[in-house]
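Chains, contacts and geometry: an overview
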Amino acid sequence: MKIVLVIALSLSIVAPPVAAQKSAKPHALSQEQRIVHVLNRLGFGARPGDVERVKAMGLENYIKQQLNPEKIPDTVAENKIKDLTVLNMPAAELYAKYPQPGQLLRQLRARGMLPEGAPAPENNQTPPAGNPLDNEKYREVIQKYYRENGLQRPQQIIAELQASRILRAVYSERQLQEVMVDFWTNHFNVFAGKGADRWLLPAYDRDTIRPHAMGKFSALLQATAQSPAMLFYLDNFQSVSPNAMQRARGPQQQRRGINENYARELMELHTLGVDGGYTQKDVQEVARCFTGWTIFQPRGGGAAVNAMMGEAGRRNAGTFFFNARTHDDGEKTVLGQKIPAGGGFKDGLTVLDILARHPSTAKFIATKLVRHFVSDNPPPALVDRVAKTFTKTDGDIRETLKAIFFSDEFNSSTAYRAKIKRPFELVVSAIRTLGADTNGGPGTHQWLARMGEPLYGFQTPNGYSDTAESWVNTGGLLERMNFGLALAGNRVQGTQVDLSKLTANETSQAKVLDQSLKTILAAEVSAATRETLLKQLDQSDPVTKVVGLILGTPEFQRQ
Amino acid sequence: MNRRYFLKSSGIALASVGMSLSAPSFLERVVFGSTPSRGKRKTLIAIFQRGAVDGLNMVVPFGESSYYDLRPSISISKPAPGNAEAAIDLDGFFGLHPSMSAFKSLWDSKRLAIIHASGSPDNSRSHFDAQDYMESATPGVKSTKDGWLNRYLQSKNDPDASSFRAVSMTTNTPRVLQGPAPVVAMARLSDFAIRAGKSSANVQGGFEALYAQKSDDVLAGMGRETFEAVNYLKKANPEQYQPENGAQYPRSPFGNSLLQIAQLIKASVGLEVAFTDLQGWDTHANQGNSRGQLANNLQQFSSGIGALYQDLGQRMDDVVILTMSEFGRTVRENGNRGTDHGHANAMFVMGNSVRGGKVYGRWPGLKNDQLYEERDLALTTDFRDVFGELATRHLGTKNSNSLFPGYSLSSSRFKNFL
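Our focus in this paragraph is the overall build of chain A. Broken down by element type, chain A carries 27 helices and 6 strands. Buried residues in chain A amount to 50% of all 559 residues. The contacts of chain A with a sequence gap of at least 6 include a subset with a gap of at least 24, amounting to 73%.

Below is the structure:
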């Protein structure tokens, strides 16, 4: 294996890449540029000293190490996130400790704990009703209950989850792992604002995405299909066969039937791609296969459930379960393949198996990966090779990535600094390049939202765009500049920057500038840019200003 | 910036970032440059009542006896002289909620049209899904990537469009405006600037110099466009704004949003689509009748829009205001003196060009066999027919079919409120 890698690497240096670009003649990157490139693309940019560290250990060794994150010690990042308690809680505990005010209100009422004269709260609606904290009659009693019982508001869950993503991206030595977590979280997008998903997302990150981010695609796909977060987000939890045993329901129960939402997005966005060769009939058949794939107590067990089912009911709230009573057990045909009647739970697994190994899926995933790691316009020849690797290795994500990282296209000057950073990449790389210290808290979340990428805040299942045109607009660009200024000026709450470390106490203006440019942009700026920046060094606090400006340059928006 | 030079240098940018084959829309805009248009243009102000307003207490069908039968404690009483708690009579059958007196004069002067029993044909009663469908304007289809107002912007490619062609007075771009066409979202106009305290001007100068000298980069082109817009807005001097004609906006985020939309229109920054929203309509319990939660919110809503109308004065010749909400609420009040998620709802359309003073749309009735799923106001007007009429007749799009994928728009279904 080692030999193959070295050959691939040396080839890429000797043979110039063949990417067809008219104006800029593509050429191989210098050794220093390759290190910067790898730190930018396989991670969230260099921290002070990273380039030297990678140089010392050898670039190929670094890439190999990154492809095997489980072998990299990561105590700094682990310490940073150890106080984020939601990360380790099962959904049931989150429901209990971070209750929704409306649900709490109903419980208080059931126990007769509302004060005299307070009006009756809303009945048990699906989805839950508006926020009773907006109603001053309830506010006090609810706030008191939260306080006295050590409970917290549900917003705290996503705040901690966001913080964990930022902290890991900034501090983790497993940089590629974090890039892939970001990639798959976006590929299998779930919106925190939809119903119960707020309580279900910590488990999604912990149990669904992370364990499989560098493993087999089929395992990742199955994990997402069985994740309560996805089942809720794309409505499959309430998809019920009209043929199944539903007769016991009273007239008050909401009428339900098949919901095709998950089936459609599973093929369009998770596997085959929109032109991947499936029909509306396939969508319907896949939806039938997934009937009964649902969530136990998707909104947490209410008092009645707890009374009926006891401790087990409480513990399992918000977990996957297969409900045979709502499953359509007839025969189905998916993409031309017969799925015999009586398959039960296995119907869904069969579908996932067909999809994970379909040639359209290999092509679709290869295209998205190449777009992310190489270029907004994925070179078709590279996509083909990467798709072949994907198929040959039965969807081994690690091997697929290797095919990209050691390709000529990846290591070409046309790929170098050709991707516009998304806001998450910008924020994390800016914090890293300055060697700043952050708590990953609301200060950073607000900036991400302003620049247009609140984590877990993308409503629709397609996830954030991975191409420049979505991110280059007047409002977004202005906020990027403002973020750079705020960070350099120590105005991002919860994040501290010590610029004197950066400039090594240099006092000459030119040296301050050159040192900053070296750290932040590997000194790769035109003479004109340097000249322009030098002219700006006229104030009492030149370092803050110049660092803010450099973070806002077009060059730093790229990776 | 010399436009010809700009074109040329941006051509290099296209090639150097490897996008020469299919230039994305923003690149085209950079290539063509952008000067805020000072000419007259039509403007649509879209206002979303998020959370599903109770349309039956907003525009009250007091002529329906079932309305009073089904809402024993929360109904609005029939109009009666001298009774300020009763519905404001519109046409002998419908009346406005008494807290919406700001709309009365607009109705009387025939500048306010109502489309009742309108909304989404999809039966989802999820706020999330229904808002999604209303904003994408593809009911039942979740994977639609862009919002219908963004598709409108795409459908009418305007080389002279300014950066303020579409503005959302919200922190994030709402679904209805998401998509490839550029949109500015900001909670406050003052946010649209370089924010570095006392040295803001100085720092902005630095960025301008940086982005000016590097012309072979798409980011540089967008940077120049950005500062052009920032400086243009600064000249409009938003800090010094005084509403006209005695308009008094409510002192609330909603009131401020409307006030700032008026500012942008008066500053002639080329605004074509403005958006803002107002929450708090999800009245499952104790929604009140002539007073209470819903009354307070309707008061803010109508007095804000009334102030906007007053402030814009003659400019309302070229402006139309549209209001919408994701679905209506149950006709029956529930056990908690509130209403639950329902189906059809009412929309307002206002402007000097509107054929107002009329409730449009077939009224389906409120008797049990007339209700949708035996509980909700039935739908007789698809919201796409309302949006489509506005896009074609007010905004003047030539390509209205691209706005509503999967729906064949036909002027025969328009309500002719324009």
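Moving on: the overall build of chain B. Across its full length, chain B carries 12 helices and 12 strands. Within chain B, the proportion of its 418 residues that are buried is 54%. Restricting the contact set of chain B to residue pairs at least 6 apart, pairs at least 24 apart contribute 72%.

Moving on, we come to unusual backbone geometry. Residue and element names in this part refer to chain A. In this structure, Gln297 is a non-glycine residue whose phi angle is positive, near 45°. Residue class for Gln297 comes out buried when judged on the 22 C-beta atoms lying within 10 Å of it. Look at Leu335: it is not a glycine, yet its phi comes out positive at around 50°.

The next thing to look at is the sheet that holds strand E3 (residues 88–89) of chain B. Strand-to-strand pairing in sheets goes through backbone hydrogen bonds, with the strands running parallel or antiparallel. Residues and elements named next belong to chain B. Overall, antiparallel pairing links the 3 strands, which are arranged E2-E4-E3 in an open sheet. Among the strands making up the open sheet, the edge pair consists of strand E2 (59–60) and E3. Direction of pairing for E3 relative to strand E4 (residues 95–96): antiparallel, over a ladder of 2 bridges. Its bridge partner lying in E4, Asp89 is registered against Gly95.

The subject of this paragraph is helix H11 (residues 197–209) of chain A. Residues and elements named next belong to chain A. Taking 1.5 Å of rise per residue, 13 residues should cover 18 Å, yet H11 covers just 15 Å from first to last C-alpha, more than 12% shy of that figure. Ala203 marks where H11 bends most, by close to 40°. The element H11 is largely enclosed, with a buried count of 10 among its 13 residues. Turning to H11, the residues buried within the fold contact helix H6 (91–97), helix H9 (155–171), helix H10 (175–187), helix H12 (217–225) and helix H13 (228–233).

Below, the discussion takes up the domain arrangement of chain B. Considered domain by domain, chain B is made up of domain 1 (1–33) and domain 2 (43–190 + 218–413). Between domain 1 of chain B and domain 2 of chain B, the C-alpha centre-to-centre distance is 38 Å.

The next point concerns the environment of Arg174 of chain A. All names here are of chain A. Mapping Arg174 onto the fold places it in the loop between H9 and H10. With 23 C-beta atoms packed within 10 Å, Arg174 lands in the buried category. When sequence neighbours within four positions are dropped, the list of residues in contact with Arg174 reads Pro69, Ile72 and Asp74.

Let us now look at the packing of H9 of chain A against H11 of chain A. Residue and element names in this part refer to chain A. Their axes nearest at 8 Å, the elements H9 and H11 cross at an angle of 25°. Judged on the interaxial angle alone, H11 and H9 are roughly parallel. Handedness of the crossing formed by H9 with H11: left-handed. Each of Ile157, Ile158 and Leu161 in H9 lies in contact with H11, whose residues at this interface are Arg198, Trp199, Leu201, Pro202 and Asp205. Considered class by class, the residues forming the contact of H9 with H11 number 6 nonpolar, no polar and 2 charged.

Another point: the pairing of strand E5 (residues 112–119) of chain B. Residues and elements named next belong to chain B. Taken across its 8 residues, E5 has 8 buried, putting it largely inside the fold. Relative to strand E10 (residues 345–350), E5 runs antiparallel, the two sharing 5 bridges. Bridge pairing in E10 links Ser118 to Asn345. With 3 bridges connecting them, E5 and strand E11 (residues 358–360) associate as parallel partners. Counterpart to Ala113 in the pairing with E11 is Lys358. Pairing geometry for E5 and strand E12 (residues 381–382), over 2 bridges, is parallel. Residue pairing for E12: Gly119 is matched across the bridge by Asp382.

Below, the discussion takes up the confidence of the model for chain B. Residue and element names in this part refer to chain B. Per-chain confidence: chain B averages 87 in pLDDT, with 89% of residues scoring 70 or above. Low pLDDT, under 50, characterises residues 1–39; the stretch is placed with 69 contacts to residues that sit more than four places away or in other chains. Prediction confidence for the complex, expressed as pTM and ipTM, is 0.82 and 0.84 respectively.

All names here are of chain A. Position of Pro378 relative to the elements: it lies in the loop between helix H18 (359–373) and helix H19 (380–392). A count of 19 C-beta atoms within 10 Å places Pro378 in the partly exposed class. For the pair formed by Pro378 and Glu331, sequence separation is 47 residues and the distance between their alpha carbons is 40 Å. In this structure, Pro378 is in contact with Thr367, Val370, Arg371 and Val383, ignoring residues within four places of it in sequence.

All names here are of chain B. Of all 6 residues in E10, 6 are buried; the element is thus mostly enclosed. Of the pairings in the sheet, the one linking strand E9 (residues 319–324) to E10 comprises 2 bridges and is antiparallel in character. The partner of Leu322 across the bridge, within E10, is Val349.

Turning to H9 of chain A, a few remarks are in order. Here H9 of chain A contains 17 residues, and its C-alpha end-to-end distance of 24 Å stays within 8% of the 24 Å for a straight helix at 1.5 Å per residue. A large share of H9 of chain A lies buried, amounting to 14 of its 17 residues.

Another aspect to go through is the confidence of the model for chain A. Taken residue by residue, chain A gives an average pLDDT of 87. The fraction at 70 or more is 87%. Below pLDDT 50 for its whole length, residues 1–23 of chain A participates in 34 contacts with residues either more than four positions away or in separate chains.

Residue and element names in this part refer to chain B. Along the chain, Phe414 turns up in the segment after helix H12 (383–394). Taking the C-alpha atoms as reference points, Phe414 and Thr397, 17 residues apart in sequence, are found 15 Å from one another. Setting aside residues no more than four positions away along its own chain, Phe414 makes contact with Asp385, Gly388 and Glu389.

In this section: the packing of helix H2 (residues 31–41) of chain A against helix H3 (residues 50–57) of chain A. Residues and elements named next belong to chain A. Contact geometry for H2 and H3: axes closest at 10 Å, N-to-C directions at 110°. Between H2 and H3, the angle falls in the class roughly perpendicular. When the axes of H2 and H3 are compared, the crossing they make is right-handed. Between H2 and H3, the residues in contact are Ile35, Val36 and Leu39 and Asp50, Val51, Val54 and Lys55, respectively. Of the residues assigned to the contact of H2 with H3, the class counts are 5 nonpolar, no polar and 2 charged.

What counts as what
- Residues numbered from 1 in each chain as written.
- Chains lettered and ligands numbered in written order.
- Predicted model: local features only at pLDDT ≥ 70, side-chain atom pairs only at ≥ 80, totals over all residues.
- Helix = DSSP H or I, 4+ residues; strand = E, 2+ residues; numbered from the N terminus.
- Buried ≥ 20, exposed ≤ 12 C-beta atoms within 10 Å, placed from the backbone.
- Contact = placed C-beta atoms within 7 Å.
- Pairing = 2+ DSSP bridges.
- Expected span 1.5 Å × (residues − 1).
- Bend = angle between axes of the 7 residues up to and from the residue.
- Domains from an automatic or database assignment.
- Axes fitted to C-alpha atoms, helices over the stretch in contact; angles between N-to-C directions.
- Parallel < 35°, antiparallel > 145°, perpendicular 65-115°, else oblique.
- Left-handed = near helix turned anticlockwise from the far one by under 90°.
- Nonpolar A, V, L, I, M, F, W, Y, C, P; charged D, E, K, R; others polar.
- pLDDT = per-residue confidence, 0-100.

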